[in-house]
Amino acid sequence: MLLFIWFVVTFVVSYYARELSFKFFGWPFSFWVGAQGSLVVYVMIIGFYARFMGRLDVEYELDERDD
């Protein structure tokens, strides 16, 4: 699912963002979608993945923290 979200944000949104021709803080909105919006989604994907893998480590007793 995370790979599908990455694909959509990277390729699909960027492709269709070219049609958005209004200005956003003085720059074309497509620039903001490609440059800023995608980075926010990438960071959220990384955060979700790290938290999910941490929970799996605890569940299967592979946690490296000192008890």
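Cut-offs applied
Residues numbered from 1 in each chain as written. Predicted model: local features only at pLDDT ≥ 70, side-chain atom pairs only at ≥ 80, totals over all residues. Heavy atoms only, no water. Phe/Tyr/Trp six-rings, centres within 6.5 Å; stacked < 30°, edge-to-face > 60°. Helix = DSSP H or I, 4+ residues; strand = E, 2+ residues; numbered from the N terminus. Buried < 20%, exposed > 50% of the residue type's maximum accessible area, 1.4 Å probe, protein only. pLDDT = per-residue confidence, 0-100.

Asks: Can you help me understand the packing of aromatic side chains in this one?
Replies: The description of two aromatic rings rests on the distance between their centres and on the angle between their planes. Counted under the stated rule, the structure contains three aromatic pairs. Aromatic side chains Phe 7 and Phe 11 sit 5.2 Å apart centroid to centroid with 45° between the ring planes, which places their arrangement in the tilted category. Of this pair, Phe 7 and Phe 11 are both found in helix α1 (residues 2-17), four residues apart, which corresponds to roughly one turn of the helix. The class for Phe 7 is partly exposed, based on a relative accessible area of 40%. On the basis of relative accessibility, which here comes to 44%, the residue Phe 11 falls in the partly exposed class. A centroid spacing of 6.2 Å and a plane angle of 10° characterise the contact between Phe 48 and Phe 52, whose relative ring orientation is stacked. Here Phe 52 and Phe 48 lie together in helix α2 (residues 29-59), a separation of four residues that amounts to about one turn. Phe 48 gets classed as partly exposed once you look at its relative accessible area, which sits at 46%. Grouping aromatic residues by their ring pairs yields a cluster made of Trp 6, Phe 7 and Phe 11.

Asks: What exactly am I supposed to notice about the confidence of the model for the protein chain here?
Replies: Fine structural detail should not be taken from predicted coordinates in areas where pLDDT scores are low. Confidence along the protein chain averages 85 in pLDDT terms, with 97% of residues attaining 70 or more. Confidence, read as mean pLDDT per element, is least for strand β1 (residues 23-24) in the protein chain (76) and greatest for α2 (89).

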